[in-house]
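Per-entry structural report
Chain by chain, the residues run as shown.
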Amino acid sequence: MTTVSEDQLGEGFADGDESCLQEAYRCWGALVYTIAARKIGDAEEAKDVTQQVFVGAWNSRKTYDPHRGSLKTWLMGITHKKVADALGRRSRHLRDVEAVATAAGMSEQSTAVTESLLDYVVLTREMESLTEQQQLVLKLAFYEDLSQSQIAERTGLPLGTVKSHTRRGLMRLKERLEVDR
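Described below are features of the structure shown in this document. Bear in mind the structure is a predicted one, so any value in this text is a computation, not a measurement.

Brief notes about the pattern of salt bridges
One pass over the full model with this rule turns up 4 salt bridges. The residue Lys47 makes a salt bridge to Glu44 at a minimum N-O spacing of 3.3 Å. Here Glu44 and Lys47 lie together in helix H3 (residues 43-59), a separation of 3 residues that amounts to about one turn. Relative accessible area serves as the criterion here: at 34%, Glu44 is assigned to the partly exposed category. Residue Lys81 pairs with Asp85 through a salt bridge whose shortest N-O separation is 3.4 Å. Remark: Asp85 and Lys81 occur in helix H4 (residues 71-103); sequence separation between them is 4 residues, near one turn of the helix. Overall, Lys81 belongs to the exposed group, its relative accessible area being 52%. Accessibility expressed as a relative area gives 29% for Asp85, which makes it partly exposed.

Shown next, in the form of structure tokens:
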């Protein structure tokens with residue numbers, strides 16, 4: 001793309017010119033990634049947020065008005081919202097993990113999955129009631145101590161799918177273990 005002004009870039013983006021999307025990513029993709037990485041503290045999650053920002057911006061380009069502000073400013077606003085969403089998901093995930101750990105009778109200091117044979121049997125039985133993919137994701141997370149990004153890499157599942165299986169699996173275990181208690 002030939003050199004264009006920020007105003008022309010913004011107007012082209014709003015009009016659906018894909019070359020303007022590419023140029024916007026070239027100009028500000030690294031900035032979006034850096035902000036996400038600093039706030040989130042996880043390089044893989046920052047990559048996901050960066051992709052979400054540009055996909056989200058492109059999909060909602062009709063809401064962008066180049067006369068109200070620069071494309072860069074609009075993208076930074078989207079970035080901050082996507083970072084907040086990612087941190088909120090992480091917080092919910094940690095609460096879910098803590099809830100399952102509490103329901104399973106595990107102390108915070110405990111590194112074992114269960115403290116007794118009975119807990120082990122109950123947990124094993126409940127794990128078997130999950131879908132195969134939920135079982136796989138949770139086993140890789142807890143027994144092999146893999147991050148969600150590592151699980152996605154190993155299984156070939158998209159990161160969002162791994163996150164969904166983790167959350168749904170943990171919520172189902174939590175519900176079942178609360179009933180058994």
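Brief notes about the nonpolar core
Soluble globular proteins: nonpolar side chains tend toward being buried together. Membership of the largest hydrophobic core comes to 24 residues, with the highest contact counts inside it found for Phe13, Val49, Val53, Leu71, Trp74 and Leu75. Looking at this core, the elements that each hand over two or more residues are helix H1 (6-14), helix H2 (18-40), H3 and H4. Discounting residues that sit within four places of it in the chain, Phe13 has contacts with Cys20, Leu21, Ala57, Trp58, Arg61, Leu71 and Trp74. Counting residues in hydrophobic clusters, the runner-up holds 9 residues, among them Leu140, Leu146, Ile151 and Ala152.

A few points about the packing of helix H6 (residues 132-142) against helix H7 (residues 148-155)
Where H6 contacts H7, the two axes come as close as 10 Å, and the packing angle between them is 125 degrees. As far as their axial angle goes, H7 and H6 are oblique. Of the two elements, H6 crosses H7, and the hand of that crossing is right-handed. For the pair H6 and H7, the contacting residues are Leu136, Val137, Leu140 and Ala141 in the first and Ile151, Arg154 and Thr155 in the second. A breakdown of the residues in the contact of H6 with H7 according to their chemical character gives 5 nonpolar, 1 polar and 1 charged.

Overview of the packing of H1 against H2
It is at 8 Å that the axes of H1 and H2 come closest, and there the two elements cross at 130 degrees. Looking at the two axes, H1 sits oblique to H2. The chirality of how H1 crosses H2 is left-handed. Contacts between H1 and H2 involve Glu6, Gln8, Leu9, Gly12 and Phe13 from the former and Cys20, Leu21, Glu23, Ala24 and Trp28 from the latter. Counted by class, the contact of H1 with H2 contains 6 nonpolar, 2 polar and 2 charged residues.

Topic: the packing of aromatic side chains
Applying the stated rule across the entire model yields 4 aromatic pairs. With centroids separated by 5.4 Å and ring planes inclined at 85 degrees, the aromatic side chains of Phe13 and Trp58 adopt a geometry described as edge-to-face. Note that Phe13 is positioned in helix H1 and Trp58 in helix H3, a separation of 45 residues in sequence. Seen from their ring centres, Phe13 and Trp74 are 6.1 Å apart, and the 70 degrees between their planes marks the pair as edge-to-face. Within this pair, whereas Phe13 is found in helix H1, its partner Trp74 is found in helix H4, the two being separated by 61 residues in sequence. Comparing Phe13 with Trp74 shows no difference in burial state: the two are buried. Taken together, Phe13, Trp58, Tyr64 and Trp74 form an aromatic cluster joined through their ring pairs. If you follow Arg61 out to its NZ or CZ, it ends over the ring of Trp58, 4.1 Å from the centre.

Thresholds applied
Residues numbered from 1 in each chain as written. Predicted model: local features only at pLDDT ≥ 70, side-chain atom pairs only at ≥ 80, totals over all residues. Heavy atoms only, no water. Salt bridge = Lys/Arg side-chain N within 4 Å of Asp/Glu carboxyl O. Helix = DSSP H or I, 4+ residues; strand = E, 2+ residues; numbered from the N terminus. Buried < 20%, exposed > 50% of the residue type's maximum accessible area, 1.4 Å probe, protein only. Core = buried A, V, L, I, M, F, W, Y, C linked by side-chain atoms within 4.5 Å. Contact = heavy atoms within 4.5 Å. Axes fitted to C-alpha atoms, helices over the stretch in contact; angles between N-to-C directions. Parallel < 35°, antiparallel > 145°, perpendicular 65-115°, else oblique. Left-handed = near helix turned anticlockwise from the far one by under 90°. Nonpolar A, V, L, I, M, F, W, Y, C, P; charged D, E, K, R; others polar. Phe/Tyr/Trp six-rings, centres within 6.5 Å; stacked < 30°, edge-to-face > 60°. Lys NZ or Arg CZ within 6 Å of the ring centre and 35° of its normal.

Purely geometric numbers; function is a separate question.
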